[in-house]
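Spelled out from the first residue to the last, the chains are:
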Amino acid sequence: MLLTGLCSAWAQAPASARIGYVDMKRLLDNAPQIVAGRSKLESEFAGRDASLKADEKQLAELRAKAAAAPTPEQQREMDALERSIKRQRDSLRNELKARSDQELDNSWREINDAVVSFAREQGYDLIVASPVVYASPRVDVTERILDRLRRQSAKGGAQ
């Protein structure tokens, strides 16, 4: 049904309709705004990640020291550390997910605006975003939009 409607709309489109394709996955993987957001998150969470790794190392050392027959005191210490690590890991994962979503939302607006302004300035009637079954390299405008995003990033924000 959707295909029929799309074909029908295509048949009614003016012969000079200009159509482009943008690979959103490639934009989201390579846009400098997204890359900067990833770096920001890495530095924001680096301390907590290092702390978690230190606790995991301490647990491994306790296990090695206790070997096959840990004392009740060693077992309690290992259990407590294990629970603490699990809580830290879950908390870190949840906060990282929330912050990643927040950074993506902020960058998404800028990326979407870049696609729209590119389309308007270049006289496109339609920009189709991935996923699509097929798009000819002739209509792929992804790299041109990435260039625009790079220029915006170099200038310090949206144009």
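Residues numbered from 1 in each chain as written. Predicted model: local features only at pLDDT ≥ 70, side-chain atom pairs only at ≥ 80, totals over all residues. Heavy atoms only, no water.

Is there a simple way to think about the environment of Ala-114 in this case?
Along the chain, the position of Ala-114 falls in helix 4 (residues 72–122). Given the relative accessible area of 0%, Ala-114 is considered buried. Note: C-alpha distance between Ala-114 and Arg-148 (34 residues apart in sequence) is 7.1 Å. Those residues within four positions of Ala-114 in sequence are excluded, and the remaining contacts are Ile-145, Arg-148, Leu-149 and Gln-152. (Helix = DSSP H or I, 4+ residues; strand = E, 2+ residues; numbered from the N terminus. Buried < 20%, exposed > 50% of the residue type's maximum accessible area, 1.4 Å probe, protein only. Contact = heavy atoms within 4.5 Å.)

What exactly am I supposed to notice about the side chain of Ser-107 here?
Tracing the backbone through its elements, the reader meets Ser-107 in helix 4. Exposure remark for Ser-107: the relative accessible area of 7% places this residue in the buried category.

Explain the packing of helix 3 (residues 32–66) against helix 4 here, please?
Packed helix pairs are specified by the crossing angle of their axes together with the interaxial distance, meaning the distance between the axes. At their nearest, the axes of helix 3 and helix 4 sit 10 Å apart, and the two run at 170 degrees to each other. Considering their axes alone, helix 3 and helix 4 lie roughly antiparallel with respect to each other. For the contact of helix 3 with helix 4, the residue count by class is 14 nonpolar, nine polar and 15 charged. (Axes fitted to C-alpha atoms, helices over the stretch in contact; angles between N-to-C directions. Parallel < 35°, antiparallel > 145°, perpendicular 65-115°, else oblique. Nonpolar A, V, L, I, M, F, W, Y, C, P; charged D, E, K, R; others polar.)

Would you mind showing me how to read the confidence of the model for the protein chain here?
Note that predicted coordinates carrying low pLDDT should not be read in detail. Per-residue confidence for the protein chain gives a mean pLDDT of 87, with 89% of residues at or over 70. When mean pLDDT is taken per element in the protein chain, strand 1 (residues 19–22) scores highest with 95 and helix 1 (residues 2–12) scores lowest with 52. (pLDDT = per-residue confidence, 0-100.)

For this particular structure, what's the right way to read helix 3?
Each α-helix winds once per 3.6 residues, and so residues spaced three or four apart point in a common direction. Spanning 35 residues, helix 3 covers 49 Å between terminal C-alpha atoms, matching the ideal 51 Å at 1.5 Å per step. Maximal helix bending in helix 3 amounts to about 50 degrees, located at Ala-46. All of the buried residues in helix 3 are Pro-32, Gln-33, Ile-34, Gly-37, Leu-41, Phe-45, Leu-52, Asp-55, Leu-59, Leu-62 and Ala-66. Those residues of helix 3 that are buried are in contact with helix 2 (24–30), helix 4 and helix 5 (142–155). Residue Ala-67 follows helix 3 closely and has a positive phi angle near 50 degrees. (Expected span 1.5 Å × (residues − 1). Bend = angle between axes of the 7 residues up to and from the residue.)

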